[in-house]
Amino acid sequence: MRRGISGGEKKRLTTGEMIVGPSKALFMDEISTGLDSSTTFQIVSCLQQLAHISESTILVSLLQPAPETYQLFDDIILMAEGQIVYHGPKSCIMSFFESCGFKCPGRKGDADFLQEVLSKKDQRQYWSRTEEGYNFVTVDQFCDKFKASQSGQNLAGELSKPYDESKGHKNALSFSIYSLSKWDLVKACFARELLLMKRNAFIYITKAIQLGLIAAITGTVFLRTHMGVDRIHANYYMSSLFYALLLLMVNGFPELAMAINRLPVFYKQRDYYFYPAWAYAIPSFILKIPVSLVESVAWTSISYYLIGYTPEASRFFSQLLILFLIHTVTLSKFRCVASYCQTMVVASICGTLTFLVMLLFGGFIIPRALLPNWLKWGFWLSPLSYGEIGLTGNEFLAPRWLEITLSGATLGKRILMDQALDFSSYFYWISVGALIGFTLLFNVGFAIGLTIKNIPGSSRAIISRNKLATFGERNQDKDTENGMPKLQAETALTPNRTGRMVLPFTPLTISFQDVNYYVDTPAEMRKHGYMERKLQLLHNITGAFQPGVLSALMGVTGAGKTTLLDVLAGRKTGGVIEGDIRIGGYPKIQQTFARISGYCEQTDVHSPQITVGESVAYSAWLRLPPEIDSKARNVSYICFCNGTRATNTQTYTSSVPKNL
């Protein structure tokens, strides 16, 4: 088991990945997520020095930074509802809000004040003009006041002046799309792809061993001692050849999943112009050639003489070449499908569909002679057809199948005619050329798909509440329901929101003593001299969580916070856990504990096909006890979606038990 890195370390890795190189303009969104305040301060301090020393342009988006982190910035851009409320020096922002009638108390941090002064529920407490009545100041009003202020006018004046290009440094912009030459880009992608293949060596080794075992089993089914060179056993030879093609094609399916999993990283690096799509596609194709060769050799070397094909070295290598090309075509096809479909669900459907089409027109299930005339073109568009032509011609045109039959044709020719595969011997090389062509075609399609396709998912727009209300007023007369405006209809159908939802709840104490957690020591640590077999991540953790007490688990990034929560919640599926964990004084049993517990993970996992309300309603239906009737379940969902708090507990059904 590999421990990997924590969420905060991932955020630092992303930041470092963007800083390295000749980047002169950095846009950094929520870089403090998952980081403790000390680490955030260190990163922003580094960015400040980078901006001042190298004169880089850096824009950092932070939600609510600590006061010491806030003081590191030079300029502040304050946004709300898609509009800029203030843009200017940090030293002038407080005086701007004081001119608007709002003052930050001495006990309050500047960043907290700037977040809350724009909120309708928090704005009143900062009103400083006590002699005047308070009225909520909207975002649009703040924007108008900023434009009329001295800072806003200075900004507008600076933006209205055309920039003097003669003052710009010749190296201010990059005139080349990529930092390296084409050859260096290809070498870098080769090195990265080779590293990834080494990390996934277990998959490739397992696939090769699997093929070898299946080849041995297949050889015992079509054992040579039970088969003769006659028309009856020719069908067995034909079936074994088709089975070999079919198995090598199915063996390429894991390439689809691996290609899909790598797409998010590729899109990020492509959009930052780390390398072009073709530089990524070429190594993916070339470095898979040895994989196809090994798996083809594993199959052919075991099955060829077990089944009893023609005992000639030239025909052995001819069969090996066809199987190798079929496997290469299959891998290329699945990579091409992954580049266009982009998601595992769609790619699985399209990959299976293309596989079935190739199988249908392959010339074995439905011989070419039995295909309708208007569908015979499909035979020549299926790579499986050329594999069939190559393998059957290689075997049944051998000297041992030259016995003359009653029809005057040789035995091998007669067998090929029955399957409508009676082609001349030179069609073997046509098949080889066709399979090479399919390989190149799919890889070119793979490169084009990586170039033209973007990250799956729709963009999200932000609209202010005022604009939303304006749109609602415009459409109020259009959207009617049972003779009422839509808004009134929804209000009429919504239960009274002034009540409190009460559900059964039993207070529980969670205690844990001497909790230790071990994982297998990564190989990299052993190379650096760490000789212990187990790596201890938690050391004798003891504590208790009591009902009615809100506890905070704190620590720097990588301290083990997520690991401890995973262990207590029973989410760790690997490693060794030691210690005593009790729920209400009883030893914890995960099957029953999961029923009464909830865990908000660091990485959110939700279905993109359903709404927020549907997710909550589904959870309520599955987790609430059976004595809670359907009306109470729906009411709890409505209360959550509206975010309301009510006080009248008599509004809802009296059968609902007490305490939430």
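Residues numbered from 1 in each chain as written. Predicted model: local features only at pLDDT ≥ 70, side-chain atom pairs only at ≥ 80, totals over all residues. Heavy atoms only, no water.

Caption draft 1: Focus on the sheet that holds strand 7 (residues 510-520). Here we have four strands laid out as an open sheet, ordered 8-7-9-10, and antiparallel in their pairing. Taken across any chain shown, the strands that pair with only one partner, and hence form the sheet edges, are strand 8 (534-545) and strand 10 (586-587). Here two bridges tie strand 9 (residues 576-583) to strand 10, and the two strands are oriented antiparallel to one another. Bridging across to strand 10, Ile 583 finds its partner in Tyr 586. (Pairing = 2+ DSSP bridges. Helix = DSSP H or I, 4+ residues; strand = E, 2+ residues; numbered from the N terminus.)

Caption draft 2: The pattern of salt bridges, seen in detail. Tallied over the entire structure, the rule returns 14 salt bridges. Two residues, Asp 418 and Arg 231, come together in a salt bridge whose shortest N-O distance is 2.8 Å. Linking Asp 418 in helix 18 (residues 411-418) with Arg 231 in helix 10 (residues 231-250), this pair joins segments that are 187 residues apart in sequence. A network of salt bridges, in which partner residues are shared, links Glu 193, Glu 255, Arg 262, Lys 288 and Arg 335. (Salt bridge = Lys/Arg side-chain N within 4 Å of Asp/Glu carboxyl O.)

Caption draft 3: Broad picture of helix 2 (residues 37-54). Under the 1.5 Å per step criterion, the end-to-end length of helix 2 is 25 Å for 18 residues, consistent within 8% with the ideal 26 Å. The complete set of buried residues in helix 2 reads Thr 39, Thr 40, Ile 43, Val 44, Ser 45, Leu 47 and Ala 51. Remark: Glu 55 follows helix 2 within two positions and exhibits a positive phi of approximately 55 degrees. (Expected span 1.5 Å × (residues − 1). Buried < 20%, exposed > 50% of the residue type's maximum accessible area, 1.4 Å probe, protein only.)

Caption draft 4: Spotlight on the environment of Gly 228. Structurally, Gly 228 can be placed in the loop between helix 9 (201-221) and helix 10. Relative accessible area serves as the criterion here: at 22%, Gly 228 is assigned to the partly exposed category. Spatially, the C-alpha atom of Gly 228 lies 9.0 Å from that of Gly 308, the residues being 80 residues apart in sequence. Those residues in contact with Gly 228 that sit more than four places away from it in its chain are His 233 and Tyr 237. (Contact = heavy atoms within 4.5 Å.)

Caption draft 5: Inspection of the side chain of Ser 303 at higher detail. Note that Ser 303 resides in helix 13 (residues 289-307). One polar contact links the side chain of Ser 303 to the main-chain carbonyl oxygen of Trp 299, over a distance of 2.8 Å. Leaving out residues up to four positions away in the same chain, Ser 303 has contacts with Ala 215 and Tyr 309. (Polar contact = N/O pair within 3.5 Å; in protein donor to acceptor, adjacent residues only side chain to side chain.)

Caption draft 6: Summary view of the nonpolar core. Membership of the largest hydrophobic core comes to 73 residues, with the highest contact counts inside it found for Phe 396, Trp 401 and Leu 450. No other element matches helix 14 (residues 313-341), which puts twelve residues into this core. By size, the runner-up hydrophobic cluster in this structure holds 38 residues, among which are Leu 35, Ala 80, Tyr 134 and Phe 146. (Core = buried A, V, L, I, M, F, W, Y, C linked by side-chain atoms within 4.5 Å.)

Caption draft 7: Quick peek at the pairing of strand 1 (residues 25-29). Side chains Leu 26 and Met 28 project from strand 1 onto a buried face, and the interleaved Ala 25, Phe 27 and Asp 29 project onto a face without burial. For strand 1 and strand 2 (residues 57-61), the ladder comprises five bridges, and the chain directions are parallel. When the sheet's bridge partners are listed, Met 28 is paired in strand 2 with Val 60.

Caption draft 8: View of the environment of Met 79. Inspection of the secondary structure assignment puts Met 79 in strand 3 (residues 75-80). In this structure the C-alpha to C-alpha distance between Met 79 and Gln 115, which are 36 residues apart in sequence, comes to 9.5 Å. Setting aside anything within four residues of it in sequence, one finds Met 79 in contact with Ile 84, Val 85 and Leu 118.

Caption draft 9: Quick look at empty space enclosed by the protein. The final tally for this structure, using the stated rule, is two cavities of 30 Å³ or more. As a volume, the largest cavity reaches approximately 90 Å³. As for the largest cavity, its lining consists of 13 residues, and the residues nearest its centre are Glu 255, Ala 259, Arg 262, Tyr 280 and Arg 335. Considering each element in turn, the lining of the largest cavity owes the most residues, five residues, to helix 11 (residues 253-271). A per-class count over the lining of the largest cavity returns seven nonpolar, one polar and five charged. (1 Å grid on protein atoms, 1.4 Å probe; cavity = no way out; pocket = protein on both sides within 12 Å on 5 of 7 lines; lining within 4 Å. Points joined across faces, edges and corners; volume = space filled by probe spheres on them. Nonpolar A, V, L, I, M, F, W, Y, C, P; charged D, E, K, R; others polar.)

Caption draft 10: The packing of helix 10 against helix 18, seen in detail. Contact geometry for helix 10 and helix 18: axes closest at 11 Å, N-to-C directions at 60 degrees. In terms of axis orientation, helix 10 runs oblique to helix 18. Note on packing geometry: the crossing formed by helix 10 with helix 18 is right-handed. Contacts between helix 10 and helix 18 involve Arg 231, Ala 234 and Met 238 from the first element and Leu 411, Arg 414, Ile 415 and Asp 418 from the second. (Axes fitted to C-alpha atoms, helices over the stretch in contact; angles between N-to-C directions. Parallel < 35°, antiparallel > 145°, perpendicular 65-115°, else oblique. Left-handed = near helix turned anticlockwise from the far one by under 90°.)

Caption draft 11: Up close: helix 9. End to end, helix 9 covers 30 Å across 21 residues, agreeing with the expected 30 Å (1.5 Å per residue, within 8%). Buried within helix 9 are the following residues: Tyr 204, Lys 207, Ala 208, Leu 211, Gly 212, Ala 215, Thr 218 and Gly 219. Relative to the axis of helix 9, the buried residues are bounded by an arc of 135 degrees and lie together on one face. Exposed positions of helix 9 whose direction lies more than 90 degrees from the buried face are Phe 202, Ile 205, Leu 213, Ile 217 and Val 221. Close packing links the buried residues of helix 9 with helix 8 (182-199), helix 10, helix 11 and helix 13. (Arc of directions from axis to C-beta.)

Caption draft 12: Molecular detail of the side chain of Lys 333. Relative to the elements of secondary structure, Lys 333 occurs in helix 14. There is no salt bridge for the buried Lys 333, and the closest opposite charge comes from Glu 255, which lies 13 Å off by N-O distance. There is a polar contact of 3.5 Å between the side chain of Lys 333 and the side chain of Thr 354. (Lys, Arg positive; Asp, Glu negative; His and termini not counted.)

Caption draft 13: Fine view of unusual backbone geometry. We note that Gln 342 has phi near 75 degrees; this positive angle belongs to a residue other than glycine. Structurally, Gln 342 is set in the loop between helix 14 and helix 15 (344-360). Phi is positive for Asn 540, which is not a glycine, with a value near 50 degrees.

Caption draft 14: Here's a closer look at the packing of aromatic side chains. Applying the stated rule across the entire model yields 36 aromatic pairs. For the pair Phe 96 and Phe 146, a centre-to-centre distance of 5.8 Å together with 90 degrees between the ring planes defines the contact as edge-to-face. Placement of the pair is Phe 96 in helix 4 (residues 90-99) and Phe 146 in helix 6 (residues 139-148), with a sequence separation of 50 residues. By relative accessible area, Phe 96 is classed as buried at 5%. (Phe/Tyr/Trp six-rings, centres within 6.5 Å; stacked < 30°, edge-to-face > 60°.)

Caption draft 15: Region of interest: the environment of Gly 412. Position of Gly 412 relative to the elements: it lies in helix 18. Separated by 19 residues in sequence, Gly 412 and Gly 393 have C-alpha atoms that sit 8.7 Å apart.

Caption draft 16: Looking closely at the confidence of the model for the protein. Overall, the prediction assigns the protein a mean pLDDT of 79, with 78% of residues at 70 or greater. Per-residue pLDDT stays below 50 along residues 477-501; that stretch engages in 38 contacts with residues further than four places along the chain or on separate chains. Confidence over residues 644-660 falls short of pLDDT 50; this stretch has 45 contacts with residues more than four positions distant or in other chains. (pLDDT = per-residue confidence, 0-100.)

Caption draft 17: Examining the packing of helix 14 against helix 17 (residues 383-396) more closely. Running from N to C, helix 14 and helix 17 point in directions that differ by 170 degrees, and their axes come no closer than 9 Å. Taken together, the axes of helix 14 and helix 17 are roughly antiparallel relative to one another. Across the interface between the two elements, Arg 315, Ser 318, Gln 319, Ile 322, Leu 323, Ile 326 and Val 329 from helix 14 touch Pro 383, Gly 387, Gly 390, Leu 391, Gly 393 and Asn 394 from helix 17. By residue class, the composition of the contact of helix 14 with helix 17 is six nonpolar, six polar and one charged.

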